[in-house]
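Structural overview
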Amino acid sequence: MTPSAPAAPVLVTGATGRIGGAVAALLASAGVRVRALTRRADAPAVPANVEVATGDLTEPESLDAALDGVGAVFLVWTAPPTTVPAVVDRLAAHARRVVFLSSPHRTPHPFFQQPNPVATLHADIERYLAAAGPETTIIRPGMLASNALFWWADAIRTRGVVRWPYGAAETAPVDDRDVAAVAARTLVEDGHAGGDYVLTGPEVLSQVEQVGVIADALGRRVDFRELSPDEFRHETEGSWPRPVVEMLLAAWGATIGQPAYVTPTVADVLGAPPRTFRQWAADHTAEFEG
Ligand SMILES: NC(=O)c1ccc[n+]([C@@H]2O[C@H](COP(=O)([O-])OP(=O)(O)OC[C@H]3O[C@@H](n4cnc5c(N)ncnc54)[C@H](OP(=O)(O)O)[C@@H]3O)[C@@H](O)[C@H]2O)c1
């Protein structure tokens, strides 16, 4: 990364999470001053060389110290929506540039067009950002490759069989590291104001094929047992939020028979090809072996 060296710190929200954590680490390793926002005073997984600021997106006034003197903000919103307008106003009052981690809810592909409360929240945040007026770049990853860890690692580790619905549903998983690299680039490089970047991986893979790629990386057999949607609802009862289950079932169901949506945007922004799912799996075997 060759930043146009902002002297003011970049505030990274979600810095203890998947994408924000990687963004903070990338920026810090490139010599950018990073301030990491967390609600927790003991701030667990914040990378070295990163200043920590406590604050809560649901309490806008708690962000003032974290926003003091910042030039850019990476915005990740997994909190309830109520305080979005007040927080966006505060961001715009302090920062010249905001890069927002959204989703491809505007993309005309059935996978991205199912009823989804998170998409509604993302659209609202984008609208408030446009009205508040900072330089804004919207980052829209499709399916994150690391979802495979949350979904399948335990089953692969303990049983060697993935019980899952819609095995034929195709996605183009994007490596979290590529999403973070695009975000980090747009936070420090000029020329991305108004950028609207839908990020996917380079290849189309059904869910059965994704499990097969993980099995190849592990060098052992992993079976895929197709579940009906109702069996999946039953198996996730009590452990997954029902709206998330319904959102995923609708998205996978709608994509059957449709090739997954693939964009060249990671390569366009980074000047290097996106990582493949095979590469992601090879780099995460330890988490599947446990
Ligand atoms: N999974 C996918 O395939 C996918 C695809 C496209 C887009 N996305 C979007 O990616 C976003 C999630 O990113 P992620 O997976 O990197 O997040 P994550 O790992 O779930 O981490 C959530 C982060 O948000 C912070 N946070 C939560 N509530 C907060 C609050 N009230 N105030 C301040 N910080 C708060 C947490 O920090 P502390 O706990 O330290 O405070 C944590 O760092 C979501 O908007 C999701 O819709 C996901």
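Further up the page is the structure itself.
Residues numbered from 1 in each chain as written. Predicted model: local features only at pLDDT ≥ 70, side-chain atom pairs only at ≥ 80, totals over all residues. Heavy atoms only, no water.

Between helix α3 (residues 84–94) and helix α4 (residues 117–132), whose axes approach to 9 Å, the crossing angle comes to 40 degrees. If you check the angle between α3 and α4, you find them oblique. Like other packed secondary-structure pairs, α3 and α4 cross with a definite hand, here right-handed. Listed contacts from α4 to Val-84, Pro-85, Val-88, Asp-89 and Ala-92 of α3 are Leu-121, Ile-125, Tyr-128, Leu-129 and Ala-132. (Axes fitted to C-alpha atoms, helices over the stretch in contact; angles between N-to-C directions. Helix = DSSP H or I, 4+ residues; strand = E, 2+ residues; numbered from the N terminus. Parallel < 35°, antiparallel > 145°, perpendicular 65-115°, else oblique. Left-handed = near helix turned anticlockwise from the far one by under 90°. Contact = heavy atoms within 4.5 Å.)

A word on the pairing of strand β6 (residues 135–141). Counting buried residues in β6 gives six out of seven residues, a clear majority hidden from the surface. Both strand β5 (residues 97–101) and β6 contribute to a ladder of five bridges, which runs parallel. From the neighbouring strand, Leu-101 faces β6, where its bridge partner is Ile-139. As for the winding sense of the linkage, the β-α-β connection from β5 through α4 to β6 is right-handed. In the sheet, β6 pairs with strand β9 (residues 196–199) via four bridges, with the strands oriented parallel. Each residue of the ladder has a partner; that of Pro-141, found in β9, is Leu-199. (Buried < 20%, exposed > 50% of the residue type's maximum accessible area, 1.4 Å probe, protein only. Pairing = 2+ DSSP bridges. Right-handed = clockwise from strand over helix to strand, strands pointing away.)

None of the figures reported here should be taken as evidence of function without further support.
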